[in-house]
Amino acid sequence: MANIIREVLNNNNQELVLYCFGQSKVGFGITGTWTGSVAFAVSYDGVTFFPLGVNAFPSGTAVASTTANGNFEAATKNAVAVRARFTLTSGSPIVVIGA
């Protein structure tokens, strides 16, 4: 069963968390008019998060954060949750996470 969550991130350090236990991959979609960075993270216990390398979809090099709109994917075997955290300069990105 797929899980999808969507949120407008409009505060500094605002984050969006998706619990994805049992899913082998997750996708992140970022749109909107904004400047700043969105960092990706993964948790294996639901509490402590570590940087998550994501690839631009359909192909690209692994990054742990982005400063531009785009679609990204990552393998999440054994992960409990993934997170996108916004560091605000201006604007508000719309973040969608699906697993």
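This is a predicted model, so every value here is computed, not measured.

Trainee: Run through the overall build of the protein, naming residues and quoting values.
Mentor: Within the protein one finds zero helices and nine strands. Scanning the protein from its N terminus toward the C terminus, one meets helices and strands in the order β-β-β-β-β-β-β-β-β. For the C-alpha atoms alone, the extent of the protein along its principal axes is close to 35 × 30 × 25 Å. By the burial criterion, 34% of the 99 residues in the protein qualify as buried. A separation of at least 24 residues holds for 75% of the contacts in the protein among residues at least 6 apart in sequence. Charged side chains in the protein number 5 positive and 4 negative. The centres of these two groups are separated by 5 Å.

Trainee: Can you tell me about the confidence of the model for the protein, naming the residues and giving the values?
Mentor: Counting all residues, the mean pLDDT for the protein is 93, and 99% of those residues have values of 70 or more. Strand E4 (residues 49–51) holds the highest mean pLDDT among the elements of the protein, 97, whereas strand E6 (residues 62–63) holds the lowest, 90.

Trainee: An account of the packing of aromatic side chains is needed here, citing residue identities and associated values.
Mentor: Scanning the model with the defined rule gives three aromatic pairs in all. Relative to Phe 86, the ring of Trp 34 has its centre 5.8 Å away and its plane inclined at 85 degrees; by these criteria the two rings are edge-to-face. Residue Trp 34 is located in strand E3 (residues 25–43), and its partner Phe 86 is located in strand E9 (residues 81–98); the two are separated by 52 residues in the primary sequence. Given a relative accessible area of 10%, Trp 34 falls into the buried group. The class for Phe 86 is buried, based on a relative accessible area of 0%. Ring-pair connections join several aromatic residues into one group, and the members of that group are Phe 28, Phe 40 and Phe 72.

Trainee: I'd love a proper account of the nonpolar core, names of residues and values included.
Mentor: In terms of nonpolar packing, the biggest core is built from 22 residues, with Phe 28, Phe 40, Leu 52, Val 82 and Ile 97 touching the most fellow members. When contributions to this core are tallied by element, the ones reaching two or more residues are strand E2 (15–19), E3, strand E8 (70–75) and E9. In terms of residue count, the dominant contributor to this core is E3 (seven residues). The residues contacting Ile 97, other than those within four sequence positions of it, are Asn 3, Ile 4, Ile 5, Leu 16, Leu 18, Gly 27, Phe 28, Val 82 and Ala 84.

Cut-off values and rules
Residues numbered from 1 in each chain as written. Predicted model: local features only at pLDDT ≥ 70, side-chain atom pairs only at ≥ 80, totals over all residues. Heavy atoms only, no water. Helix = DSSP H or I, 4+ residues; strand = E, 2+ residues; numbered from the N terminus. Buried < 20%, exposed > 50% of the residue type's maximum accessible area, 1.4 Å probe, protein only. Contact = heavy atoms within 4.5 Å. Lys, Arg positive; Asp, Glu negative; His and termini not counted. Charge placed at Lys NZ, Arg CZ, Asp CG, Glu CD. pLDDT = per-residue confidence, 0-100. Phe/Tyr/Trp six-rings, centres within 6.5 Å; stacked < 30°, edge-to-face > 60°. Core = buried A, V, L, I, M, F, W, Y, C linked by side-chain atoms within 4.5 Å.

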